[in-house]
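# Residue-level structural notes
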Amino acid sequence: MYGNDFEQPGAATLLDEVEAAEQALRAAAERRVAAARAGGTGDTGGAEAELQEYFDAVVAADQKIEPRDWMPEAYRKTLVRQIAQHAHSEIIGMQPEGNWISRAPSLKRKAILLAKVQDEAGHGLYLYAAAETLGIDREELVGLLLTGRQKYSSIFNYPTLTWADVGAIGWLVDGAAIVNQVPLCRCSYGPYARAMIRICKEESFHQRQGYEILYTLAHGTPEQKAMAQDAVDRWWYPSLAMFGPPDTASTHSEQSMAWKIKRFSNDDLRQRFVDMCVPQAEVLGLSIPDPDLRWNDERGAYDYTQPDYDELFRVIRGDGPCNRQRMAHRRRADADGAWVREAAAAYAAKRSARPAEAAARPAEAAA
């Protein structure tokens, strides 16, 4: 059975949102071009108050701030922090699943997992490139991660104990990522929004891959179903915590929403994720490990138990099951790859020098 052989409740709606965001991006670009042709050059000039007024008007009109546009320094710093954390998470996130590439139960499973891990590397590169449009160098961002001055998603500090964990990561972790990231396709910063459209389309495949692994296990032997249920039990609450602290304790959400970097609060996204997962779990034949999970007619949504936010903050501070292991691996990979970066830089410098050398030869011959 393949991931597209059955309907996954909620998946189509999210992909529809990505498509709508992509169309909105094109429309915003067309409006910008039309305004320029009508005489608006986009040159805001003047005092900072006028620049701020222009920035606010662009954001309010649901158009895009581009790298060439003026932006408040706080807006730029917020984007650097968020995009960098997102990029770091994609790269660190290769480790838990990469651990299972050599132990996948079949050649087909191995090929699919390898493709997924490669996708995550590509996502990191898209996001580092988006961050660089804000005037910060990729090497600097990596240095900030390696020295502990920037973070990555806490979810990747949990171990993958069985093959079923790969399925749980695909269904729950990638599912939470999609719920969180689809609204970012409408982010007010153009390069980030455009990167997210491609990333979300690929993450949809990743979620289906994990969902299909769990479906196969849940409909296999009793031992396989128990393994799948155990993985869901361990990954459910860390996945809920991926949306961040509750709104009352979030230090960034309110301003990010005002700037339309984010479109929904942490609690709104968490609720949306729970409501999406319940019918999916029913199709899987697995249980969500929450005895208080029940439908609330008045709210039109499920009541559920909140994750352990104390645990979330402990893991963020570096006290998770795999924090040290993940960062040690990342630092080792950075050191092992230094010679590749040095060789690439030397080759690029040599190529850039060739035109000047070629131009100098006729002058030398004439002399």
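Residues numbered from 1 in each chain as written. Predicted model: local features only at pLDDT ≥ 70, side-chain atom pairs only at ≥ 80, totals over all residues. Heavy atoms only, no water.

### Description of the overall build of the protein
Of regular secondary structure, the protein possesses 14 helices and two strands. Here the contacts in the protein between residues at least 6 apart in sequence split such that 79% fall between residues at least 24 apart. When the accessible area of the protein is evaluated, it comes to approximately 18100 Å², of which 55% is carbon and sulfur surface. (Helix = DSSP H or I, 4+ residues; strand = E, 2+ residues; numbered from the N terminus. Contact = heavy atoms within 4.5 Å. Areas by Shrake-Rupley, 256 points an atom, 1.4 Å probe, with all protein chains shown as cover.)

### Let's talk about the pattern of salt bridges
Tallied over the full model, the rule gives 14 salt bridges. The partner of aspartate 62 in a salt bridge is lysine 260, and the shortest N-O contact between them spans 3.2 Å. Residue aspartate 62 is located in the loop between α2 (48–60) and α3 (73–92), and its partner lysine 260 is located in the loop between α10 (253–258) and α11 (266–284); the two are separated by 198 residues in the primary sequence. In this structure, aspartate 334 and arginine 341 form a salt bridge, with 3.6 Å as the shortest nitrogen-oxygen distance. (Salt bridge = Lys/Arg side-chain N within 4 Å of Asp/Glu carboxyl O.)

### Notes on the nonpolar core
With 85 residues, the main nonpolar core has Tyr75, Leu79, Trp171, Tyr189, Tyr192 and Phe273 as its most contacted residues. Those residues within four positions of tyrosine 189 in sequence are excluded, and the remaining contacts are Ile65, Glu66, Pro67, Met71, Tyr75, Leu79, Ala130, Thr133 and Leu134. (Core = buried A, V, L, I, M, F, W, Y, C linked by side-chain atoms within 4.5 Å. Buried < 20%, exposed > 50% of the residue type's maximum accessible area, 1.4 Å probe, protein only.)

### Section: the confidence of the model for the protein
For the protein, per-residue confidence averages 89 on the pLDDT scale, and 88% of positions sit at 70 or higher. Ranking the elements of the protein by mean pLDDT puts helix α1 (residues 11–37) last, at 64, and helix α9 (residues 222–241) first, at 98. Segment residues 1–6: pLDDT under 50, and twelve contacts once partners within four positions in sequence are set aside and those in other chains are kept. (pLDDT = per-residue confidence, 0-100.)

### Some words on the side chain of glutamine 95
Its place among the elements puts glutamine 95 in helix α4 (residues 94–98). When near neighbours in sequence (up to four residues on either side) are disregarded, glutamine 95 contacts Gln325, Arg326, His329 and Arg330.

### Remarks on the state of the cysteines
Within this structure, the stated rule accounts for zero disulfides. Take cysteine 185: it sits in no disulfide, and the sulfur closest to it among the cysteines is that of cysteine 200, at 3.9 Å. The exposure class assigned to cysteine 185 is buried, which follows from its relative accessible area of 0%. (Disulfide = S-S within 2.5 Å.)

### Section: the packing of α3 against helix α6 (residues 138–146)
One way to put it is that α3 packs onto α6 with a least axis distance of 11 Å and a crossing angle of 75°. Between α3 and α6, the angle is such that the two are roughly perpendicular. On the side of α3, the interface is formed by Val80, Ala84 and His88, while α6 contributes Leu141, Val142 and Leu145. Here the contact of α3 with α6 is composed, by residue class, of five nonpolar, one polar and no charged. (Axes fitted to C-alpha atoms, helices over the stretch in contact; angles between N-to-C directions. Parallel < 35°, antiparallel > 145°, perpendicular 65-115°, else oblique. Nonpolar A, V, L, I, M, F, W, Y, C, P; charged D, E, K, R; others polar.)

### With respect to the packing of aromatic side chains
Under the criterion given, the structure shown has nine aromatic pairs. Ring plane angle 75° and centroid distance 4.9 Å describe the contact between phenylalanine 55 and tyrosine 75, whose orientation is recorded as edge-to-face. Linking phenylalanine 55 in helix α2 with tyrosine 75 in helix α3, this pair joins segments that are 20 residues apart in sequence. Of the two residues, phenylalanine 55 and tyrosine 75, both sit in the buried class. Every member of this aromatic cluster is reached through a ring pair, and the members are Phe55, Trp70, Tyr75 and Trp259. For the cation-ring pair, arginine 103 lies above tryptophan 100, with the distance from its terminal atom to the ring centre recorded as 3.9 Å. (Phe/Tyr/Trp six-rings, centres within 6.5 Å; stacked < 30°, edge-to-face > 60°. Lys NZ or Arg CZ within 6 Å of the ring centre and 35° of its normal.)

### Some words on helix α13 (residues 323–336)
End to end, α13 covers 20 Å across 14 residues, agreeing with the expected 20 Å (1.5 Å per residue, within 8%). Buried within α13 are the following residues: Asn323, Arg326, Met327, Arg330 and Asp334. End-on view of α13: buried residues confined to an arc of 90°, all on one side of the axis. Counted as exposed and oriented over 90 degrees from the buried face of α13: Arg324, Ala335 and Asp336. (Expected span 1.5 Å × (residues − 1). Arc of directions from axis to C-beta.)

### Topic: the environment of valine 283
Locating valine 283 in the fold gives a position in helix α11. Sequence spacing of valine 283 and alanine 218 is 65 residues, and the spatial spacing of their C-alpha atoms is 10.0 Å.

### Examining unusual backbone geometry
The residue aspartate 62 is not glycine, and still its phi comes out positive at about 60°. Residue lysine 260 is not a glycine yet carries a positive backbone phi of 60°.

### What to know about the environment of tyrosine 128
Relative to the helices and strands, tyrosine 128 resides in helix α5 (residues 107–132). For tyrosine 128, a relative accessible area of 4% gives the class buried. Note: C-alpha distance between tyrosine 128 and tyrosine 192 (64 residues apart in sequence) is 9.9 Å.

### Comments concerning helix α12 (residues 309–316)
Every buried residue of α12 is listed here: Tyr309, Leu312 and Val315. All buried residues of α12 lie within an arc of 115° about the axis, which places them on one face of the element. Looking at the buried side of α12, the elements it contacts are α9, α11 and α13. Following α12 by one or two positions, glycine 318 adopts a phi angle in the positive range, close to 110°.

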